[in-house]
Amino acid sequence: MAINTKETMLLARQHETVIPAFNVPHLPMLKPIVQAIVDENSVAMIEVARVEWEKFCSQSLEAVAGEYRKYADTKHTMLHLDHVPVVDEDYKAVDYLPIIDRAIKAGFGSVMVDASRLSFEENAAATKKAADKAHAAGIPCEAELGAVMGHESGQMMPYEEIFATKAGFTDLEEAKLFVEKSGCDWLSVAVGNIHGAIADATRDQKKPTARLDVDHIAALYKATGIPLVLHGGSGIDPEYIRAGIKAGITKINVGTEVRQAYEAAMRESGDDIEAGRKAVYGAVRQLISETLRIAGTRTLLFGE
Ligand code: 13P
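About the thresholds
- Residues numbered from 1 in each chain as written.
- Predicted model: local features only at pLDDT ≥ 70, side-chain atom pairs only at ≥ 80, totals over all residues.
- Heavy atoms only, no water.
- Near = heavy atom within 4 Å.
- Polar contact = N/O pair within 3.5 Å; in protein donor to acceptor, adjacent residues only side chain to side chain.
- Areas by Shrake-Rupley, 256 points an atom, 1.4 Å probe, with all protein chains shown as cover.
- 1 Å grid on protein atoms, 1.4 Å probe; cavity = no way out; pocket = protein on both sides within 12 Å on 5 of 7 lines; lining within 4 Å.
- Sits in = over half its atoms within 2 Å of the grid points.
- Helix = DSSP H or I, 4+ residues; strand = E, 2+ residues; numbered from the N terminus.
- Nonpolar A, V, L, I, M, F, W, Y, C, P; charged D, E, K, R; others polar.
- Expected span 1.5 Å × (residues − 1).
- Buried < 20%, exposed > 50% of the residue type's maximum accessible area, 1.4 Å probe, protein only.
- Arc of directions from axis to C-beta.
- Contact = heavy atoms within 4.5 Å.
- Pairing = 2+ DSSP bridges.
- Disulfide = S-S within 2.5 Å.
- UniProt positions renumbered as here; feature names shortened; annotations may be inferred.
- Phe/Tyr/Trp six-rings, centres within 6.5 Å; stacked < 30°, edge-to-face > 60°.
- Lys NZ or Arg CZ within 6 Å of the ring centre and 35° of its normal.
- Points joined across faces, edges and corners; volume = space filled by probe spheres on them.

K.L.:
Explanation requested: the site of the ligand in the structure shown.
P.N.:
Asp82, Gly232, Ser234, Gly255 and Thr256 are the nearest of the 15 residues found near the ligand. The contact in question runs from an oxygen atom of the ligand to an N or O atom on the backbone of Gly196, over 2.8 Å. In the environment of the ligand, an oxygen atom lies 2.8 Å from a nitrogen or oxygen atom belonging to the backbone of Gly255. For the ligand, whose unbound accessible area comes to 310 Å², protein coverage reaches 96%. When atom positions are compared with the pocket grids, the ligand is found to occupy the largest cavity. Counting residues per element, the ones that place at least two in the shell around the ligand are β3 (77–85) and β8 (249–254). Across the shell around the ligand, the residue classes break down as two nonpolar, eleven polar and two charged.

Here it is, written out as structure tokens:
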């Protein structure tokens, strides 16, 4: 039977494990991601963010949903809409609610609204509108509070400075209030994680190795009581990731690492899609089995 997204996230929390969510910036990546998830007997999400059809090659959320219908194994995979920004990485306002409507129509099992570039009150109000829509359709809604940096064009603060000063970290009191006001089901938090760059000039660069404030994750989980989401999952020290999962992280988004593996293989092979797919398959299997050490979550969560 197909797995239910909301229930799977709650089960994952109970078992102190994590559901990885793999981004699809290029449509051919979807098939080997699914295959790797199935071959590790694991449970994971396939996700696409607006920026990936605007600035990369995933075309549209409908195109990703179409590819998902072709290749998904719904005993192991779920389809999630990542970052629908209310104000985007170029600081332009986005008509975000129609995008949520389109995702619901296309069969996405959960959505994320990202109003984290707005004030606390504006973020809570915009998130509530999206969460109300999602809930009316029977699906969960993720939101973001705090500043997970890296997607904006222009110079980012040096990583060590972010970690030392806790710049943009999700505030505890605000997090509690935000969840009450917005009605979001899962919360993306800023706890030392940063996104991989997406600007043309920097998207091929290796990410700095990030660390996490694990005590802060535990405090945020205690304050909110809902599954926490770790964005910027590429290039974080694995010891910190595993400690973060125990402390409350229940979903981890991974984009850059797998995208760069695909793009490098495509460059080296002269655009041979099968070579690109092979690189994606290897990268995802390694992430599941070695970095996250969560092979077999299908059996852990569902006993089969
Ligand atoms: P990375 O690209 O840094 O792995 O982050 C992915 C992400 O958080 C997508 O929402």
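From this point, the discussion proceeds with the structure in view.
K.L.:
Before we go on, may I ask you to explain helix α12 (residues 273–291) in this structure?
P.N.:
Three- or four-residue spacings in an α-helix give side chains the same orientation, since the helix completes a turn every 3.6 residues. If you check α12, its first and last C-alpha atoms are 26 Å apart, about what 19 residues at 1.5 Å a residue would give, namely 27 Å. Taken residue by residue, α12 has Gly276, Arg277, Val280, Ala283, Val284, Leu287, Ile288 and Thr291 as its buried positions. Burial along α12 is one-sided: seen end-on, the buried residues are contained in an arc of 130°. More than 90 degrees from the buried face of α12, the exposed residues found are Lys278 and Glu290. Tucked into the core, α12 has its buried residues touching β1 (19–23), α2 (30–39), α4 (61–71), α10 (238–247), β8 and α11 (256–269). The N-cap of α12, judged by a side-chain oxygen 2.9 Å from the amide nitrogen of Glu274 a few residues on, is Asp272. Backbone geometry just after α12 places Arg293 at a positive phi near 55°.

K.L.:
Explain the pairing of β8 here, please?
P.N.:
The side chains of a regular strand alternate between the sheet's two faces. The buried fraction of β8 amounts to six of the six residues, a majority that puts the element mostly inside the structure. When β1 meets β8, the two strands line up parallel, connected through four bridges. Opposite Ala21, over in β8, you have Asn253 as the bridge partner. In this structure, strand β7 (residues 228–230) lies alongside β8, joined through three bridges in parallel fashion. Each bridged residue has a counterpart across the sheet, and for Leu228 the counterpart in β8 is Ile249.

K.L.:
How do you make sense of the state of the cysteines when you look at a structure like this?
P.N.:
Each disulfide is one covalent bond, formed between the sulfur atoms of two cysteines. Evaluated as defined, the whole model comprises zero disulfides. Left unpaired, Cys141 is separated from the closest cysteine sulfur, that of Cys184, by 7.0 Å.

K.L.:
Any chance you could explain the UniProt feature "binding site: Zn(2+) 2" (unreviewed entry) in the protein here in plain terms?
P.N.:
Here the UniProt-annotated "binding site: Zn(2+) 2" (unreviewed entry) positions come out as Asp114 and Glu144. In terms of the greatest pairwise C-alpha distance, the residues named above, spread along 31 residues, form a tight cluster of at most 5.6 Å across. Looking at where Asp114 falls in the secondary structure, it is placed in strand β4 (residues 110–114). Classification of Asp114 by relative accessible area gives buried; the value is 4%. When sequence neighbours within four positions are dropped, the list of residues in contact with Asp114 reads His83, Val84, Pro85, Val86, Val87 and Glu144.

K.L.:
When you look at the packing of aromatic side chains in this model, what are you seeing that I'm missing?
P.N.:
The geometry of two aromatic rings is summed up by the distance between their centres and the angle between their planes. Enumeration according to the criterion identifies three aromatic pairs in this entry. Where Phe163 meets Phe169, the ring centres are 6.4 Å apart and the plane angle is 70°; that geometry is what we call edge-to-face. Owing to a relative accessible area of 15%, Phe163 belongs among the buried residues under this scheme. Of the aromatic side chains, those joined through ring pairs into one cluster are Tyr159, Phe163 and Phe169. Taking NZ or CZ as reference, Arg117 lies 5.9 Å from the ring centre of Tyr91, over its face.

K.L.:
Teacher, can you tell me more about the layout of surface pockets here?
P.N.:
Over the atoms rolls a probe the size of a water molecule, and its path tells where empty space is left. Volume-wise, the largest pocket comes out at about 430 Å³. Gly150, Met156, Ala197, Thr202 and Gln205 are, among the 21 residues lining the largest pocket, the residues nearest its centre. Space inside the second largest pocket adds up to approximately 230 Å³. Around the second largest pocket, the lining comprises 15 residues; the ones closest to its centre are Ile3, Asn4, Thr5, Met78 and Gly109. Put simply, the parts of the chain that give the lining of the second largest pocket at least two residues each are α1 (5–14) and β3. Taken together, the residues that form the lining of the second largest pocket break down as eight nonpolar, six polar and one charged.

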